[in-house]
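Architecture and fold: a report
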Amino acid sequence: MSTMTAGPAESTLAAADFDTLAGALTEPEALAGARAAAWERFTALPWPTKKSEEWRYTDLGKVGFEALTPVVPTPATAEALSADVREVLGRSGERAGVVVLREGRVAHLELEPEVARSGVVLSSIRDAADRHPEVLRRALLEAQPGPAEEKLWALHLALLGGGYFLYVPRGVEMPAPIHAFHIVERAGTLSSAHSFVYAESGARAAVIDEFLSDDLDAETVSLHGATITGEGDAGIEYVALQRFGRGVKRFSTQHVTAGRDARVVTFNVALGGDLSRADVTSRLDGPGSDSEMLALWFGDSDQHFDHHTLQHHAAPHAHSDLLFKGALTDAGSSVFRGLIRVDKGAQLTDAYQTNRNLLLSEGSHASALPNLEIEADDVRCSHGATIGQVEDGQLFYLMSRGLTRRQAERLLVFGFFDEVLGRLPMEGVRARVREAIEEKIGL
Amino acid sequence: MSEPLLSIRGLRAKVDGEDGEILRGVDLDVQRGEVHALMGPNGSGKSTLAKVIAGHPAYEVTAGEILFEGEDVLELEPDERSRAGIFLAFQYPAEIPGVSIANFLRTAVNSRLGEGEEMDVFGFQRTLTEKMEMLRMDPGFAARYVNDGFSGGEKKRNEILQMAVLRPALGVLDETDSGLDIDALKVVASGVNRLSEADEALGVLLITHYKRILNYIRPDRVHVMMAGRIAESGGASLADKLEAEGYDWLHRAVAAV
Ligand SMILES: Nc1ncnc2c1ncn2[C@@H]1O[C@H](COP(=O)(O)OP(=O)(O)OP(=O)(O)O)[C@@H](O)[C@H]1O
Ligand SMILES: [Mg+2]
């Protein structure tokens, strides 16, 4: 593990900010306690610098945290669905519920009555802290990320504006996903939200987190965390669709725990923002558990995307498969850094990790750092990464049918992405993601 | 006589960045509504000519000109040539995993319509289904990835499907007949004939090694390419002679020059 030294961007986020923030809340002990402890850790920890392996290609020193205005969480409000949200929902498939978060604050929350009757709980985190404090506490504890992520994680928890809590009881299968919208509206703010997904044994849960904003004219930071837990034989599909406008820098820390024979699919799509980092950990906690980790990104202009992953095999007979694909044009850049870690007792592990990059321009740049750390001796693991360009033969073929070079390149990007999209189980979710990608890539 | 659909004069070309010339002075005229067959031994330059007409970036034209409907096309990008009405059915079509035939062809059709005039999905689907029926293709084909895992014959049929949807003024068919069984050959040939009937001005340059396709698509002229030049031209009977006698007599004739 690398050591972290105090960097140039040592926090000056004033302690006063936290007090104002915490003072504005009267929250259950489960949350207030976690918040205060997180603030303490945040102030004690140094910022990770480019000297740390995990942050070598993404310079946190260039993010002006101290100049941002932390969003003071206000209690949930009950607004009607706004036009932009309704517009997206109108083009999306079936859903079991809708959550709208504005800079972390829960502004709208609805669950189909039929789904609610089946025992599924969808609430704000705050309400969950009242009613299910133990589940929340445990999930948060388990989700503690690696040392390199700790600083941001602490900030995320300390400033947590809100979030949602989805609980699917034993054996209940959600017929369609919850569609959550994380909306950032005010430039210059620092806000934070969390997604909790908990599926009891044999349950099926599905969520799509969609992140959006207009183009903002000042640096704005959105912090996000996701804690996704599947008990024995549970099935979870989780999608994070990031289509922020320019000006937004986004950091998402996602933690998956898969129990015995549980199957979890996570899918990260990065399209928007100036900088977007997702740190995704899958902990294969029970024998026979299965984690499929998928991601797609398309970067143009000077966008920077960073994906940092851990497939942690803590139990034997588990399977994990990671497929991340990115395409870049203009001066876009990306970094993938992934690790498969197999604990000593995790025999008969099956773990795969693939990152493929497609560069469409001279000015674009991708780094790929796949890695293995294996302590068991009877495992099947592979990891690989490629960085390539579109094939001339394919390009000419498409152009000889009248497609401009740009159209041909973009169509080839679609083709490149299709393999990953095809792995999303729910058709409605797949269609929504495809549409968002089409909108970004343009044809 | 009106200006030819395609007029090639003194065309010389080589692989970009290399020395040896592949095309060494090609002269060829195709009038509107005519079918020309281009034959010749392996490696004589037929595909190179086809690809140079379509604007393949791997080749450099060192001399000569290609006029299409009177316009010099050598300065045009491949996509501009396509939109101008030139179509090449490839001898070896590229495979594009992840891109469906329907998606690809709709993009291609829309690329030649103005902004805001794009064909709607249903209109396009109708056209595509109709052309696929004409070529006796399974409707499920439209959803398959372009040429990905296709058999040789399926690839060739897919090329003609694209020609049928894109309706070019000139079709250059590079060995579209090879790899086809006799039934498929008839279907593809009748597809091309239907296109000729629908558009009497359609010009076809049909590159082939075999006379059998010429029994279905009657050529107005037959040319033989040898070592980068048109060594002999004649009527349909020239194909019979080549079938019976091979290229030896031409080799000798070329060597004697
Ligand atoms: N891109 C290329 N790079 C190198 N050599 C090439 C290239 N294209 C063509 N050639 C060479 O040019 C010559 C003519 O090739 P071409 O494919 O045009 O022949 P052809 O007449 O179509 O042959 P066939 O009947 O076998 O299809 C051959 O010697 C071939 O190897
Ligand atoms: Mg050839």
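What comes next concerns the included structure. Computed from a prediction, not measured in an experiment: that's the story for all the values here.

1. Remarks on the overall build of chain B
The helix and strand tally for chain B stands at eight helices and 12 strands. Over its C-alpha atoms chain B spans a radius of gyration of 18 Å, differing by no more than 12% from the 18 Å that the globule rule assigns to 257 residues. In terms of overall dimensions, chain B has C-alpha extents of about 60 × 40 × 40 Å along its principal axes. Of the roughly 11,300 Å² that chain B leaves accessible, carbon and sulfur atoms contribute 46%. When the 28 positive and 42 negative side-chain charges of chain B are each reduced to one mean point, those points stand 5 Å apart.

2. Examining the site of ligand 1
All names here are of chain B. Taken together, 14 residues lie around ligand 1, and K46, S47, T48, Y59 and H209 are the ones closest in. A distance of 3.2 Å is found between an oxygen atom of ligand 1 and a backbone nitrogen or oxygen belonging to S44. Isolated, ligand 1 exposes 630 Å² of accessible area, and the fraction of that covered by the protein chains is 63%. Here the element with the most residues in the shell around ligand 1 is helix α1 (residues 46–54); it accounts for three residues. For the shell around ligand 1, the per-class residue count stands at four nonpolar, eight polar and two charged.

3. Overview of the interface of chain B and chain A
In this complex, chain B contributes 34 residues to the contact, which on the side of chain A involves 19 residues. When the two sides are added together, the surface that chain B and chain A hide from each other amounts to roughly 1,900 Å², 66% of it contributed by carbon and sulfur. At the boundary of chain B and chain A, one finds one salt bridge. Counting every contact that joins chain B to chain A gives 14 residue pairs in polar contact (both at pLDDT 80 or more). Listed by contribution, the elements that provide at least two residues to the side of chain B that touches chain A are α1, α2 (78–84), β6 (86–89), β7 (96–100), α3 (101–111), β8 (145–146) and α5 (152–166) of chain B. The dominant element in the side of chain B that touches chain A, judged by the number of residues it contributes, is α3 of chain B, at five residues. Grouping the amino acids of the side of chain B that touches chain A by side-chain chemistry returns 17 nonpolar, 10 polar and seven charged.

4. Re the coordination of the magnesium ion (ligand 2)
Ligation of the magnesium ion (ligand 2) by protein atoms is provided by S47 of chain B (OG) and Q91 of chain B (OE1), these donors lying 2.0 to 2.2 Å from the ion. Taken together, the residues S47 of chain B in helix α1 and Q91 of chain B in the loop between β6 and β7 connect sequence positions 44 residues apart.

5. Things to note about the sheet that holds strand β6 (residues 178–184) of chain A
Residues and elements named next belong to chain A. Pairing in this open sheet of 10 strands is mixed, and the strands run β3-β2-β6-β8-β10-β12-β14-β16-β18-β20 from one edge to the other. With partners counted over all chains shown, the strands left at the sheet margins are β3 (105–111) and β20 (380–388), one partner each. In this sheet, neighbouring strand axes are inclined to one another by 5 degrees on average, regardless of whether the strands run parallel or antiparallel. When strand β12 (residues 263–270) meets strand β14 (residues 290–299), the two strands line up parallel, connected through eight bridges. Bridging from a neighbouring strand, V264 pairs with S291 of β14. Strands β2 (97–102), β6, β8 (204–213) and β10 (235–243) of the sheet are contacted by helix α3 (residues 83–91), whose axis makes an angle of about 145 degrees with β6.

6. Looking at the environment of E94 of chain A
All names here are of chain A. Tracing the chain through its elements places E94 in the loop between α3 and β2. A relative accessible area of 69% places E94 in the exposed class. Residues E94 and P28, spaced 66 residues apart in sequence, show a C-alpha to C-alpha distance of 34 Å. Ignoring sequence-local partners within four residues, the contact set of E94 consists of A176 and P177.

7. A closer look at the layout of surface pockets
Computed from the structure, the largest pocket encloses a volume of approximately 580 Å³. Lining of the largest pocket is provided by 21 residues; of these, L443 of chain A together with N103, R106, T107 and N110 of chain B occupy positions nearest its centre. Residue assignment for the lining of the largest pocket shows that the elements contributing at least two residues are α9 (405–421) of chain A together with α3 and α4 (121–134) of chain B. Here the element with the most residues in the lining of the largest pocket is α3 of chain B; it accounts for six residues.

8. Quick word on the pairing of strand β16 (residues 319–328) of chain A
Looking along a regular strand, one sees side chains alternate from face to face of the sheet. Residues and elements named next belong to chain A. β16 sits mainly inside the fold: nine of its 10 residues count as buried. Pairing analysis gives 10 bridges linking β14 to β16, with the strands arranged parallel. Bridged to A295 within β16 is F324.

9. Notes on the packing of α3 of chain B against α5 of chain B
All names here are of chain B. α5 packs onto α3 with a crossing angle of 35 degrees between their chain directions and a minimal axis gap of 10 Å. The way α3 lies across α5 gives a crossing that is right-handed. Taking contact as the criterion, the partners of I101, F104, L105, A108 and V109 in α3 are, on α5, N158, L161, Q162, V165 and L166.

10. Considering the sheet that holds strand β5 (residues 71–72) of chain B
Sheet strands pair via backbone hydrogen bonds, and the direction of the pair is either parallel or antiparallel. All names here are of chain B. Taken together, four strands build an open sheet; the order of strands is β2-β1-β4-β5 and the sheet is antiparallel. In the strand order of this sheet, the two ends are held by β2 (21–30) and β5, each with one partner. Of the strand pairs in this sheet, strand β4 (residues 59–68) and β5 are connected by two bridges, and their pairing is antiparallel. When the bridges of β5 are listed, F68 appears paired with E71.

11. Re the pattern of salt bridges
A full pass over the atoms with the stated rule returns 40 salt bridges over all chains. Between E27 of chain A and R35 of chain A there is a salt bridge; the shortest N-O distance is 2.5 Å. With respect to class, E27 of chain A is no different from R35 of chain A; both count as buried. Notably, a salt bridge pairs K131 of chain B with E130 of chain B, separated by 3.7 Å at the nearest N-O pair. According to the relative accessible area criterion, K131 of chain B is buried, its value standing at 11%. Through salt bridges with shared partners, a single network forms among E87, R91, E210, R243, R432, E435 and E439 of chain A.

Conventions used here
Residues numbered from 1 in each chain as written. Chains lettered and ligands numbered in written order. Predicted model: local features only at pLDDT ≥ 70, side-chain atom pairs only at ≥ 80, totals over all residues. Heavy atoms only, no water. Helix = DSSP H or I, 4+ residues; strand = E, 2+ residues; numbered from the N terminus. Rg over C-alpha atoms; globule rule 2.2 N^0.38 Å. Areas by Shrake-Rupley, 256 points an atom, 1.4 Å probe, with all protein chains shown as cover. Lys, Arg positive; Asp, Glu negative; His and termini not counted. Charge placed at Lys NZ, Arg CZ, Asp CG, Glu CD. Near = heavy atom within 4 Å. Polar contact = N/O pair within 3.5 Å; in protein donor to acceptor, adjacent residues only side chain to side chain. Nonpolar A, V, L, I, M, F, W, Y, C, P; charged D, E, K, R; others polar. Contact = heavy atoms within 4.5 Å. Buried area = accessible area lost by both parts, 1.4 Å probe. Salt bridge = Lys/Arg side-chain N within 4 Å of Asp/Glu carboxyl O. Donors = N, O, S within 2.8 Å, 3.2 Å for Na, K, Ca; no water. Pairing = 2+ DSSP bridges. Axes fitted to C-alpha atoms, helices over the stretch in contact; angles between N-to-C directions. Buried < 20%, exposed > 50% of the residue type's maximum accessible area, 1.4 Å probe, protein only. 1 Å grid on protein atoms, 1.4 Å probe; cavity = no way out; pocket = protein on both sides within 12 Å on 5 of 7 lines; lining within 4 Å. Points joined across faces, edges and corners; volume = space filled by probe spheres on them. Left-handed = near helix turned anticlockwise from the far one by under 90°.

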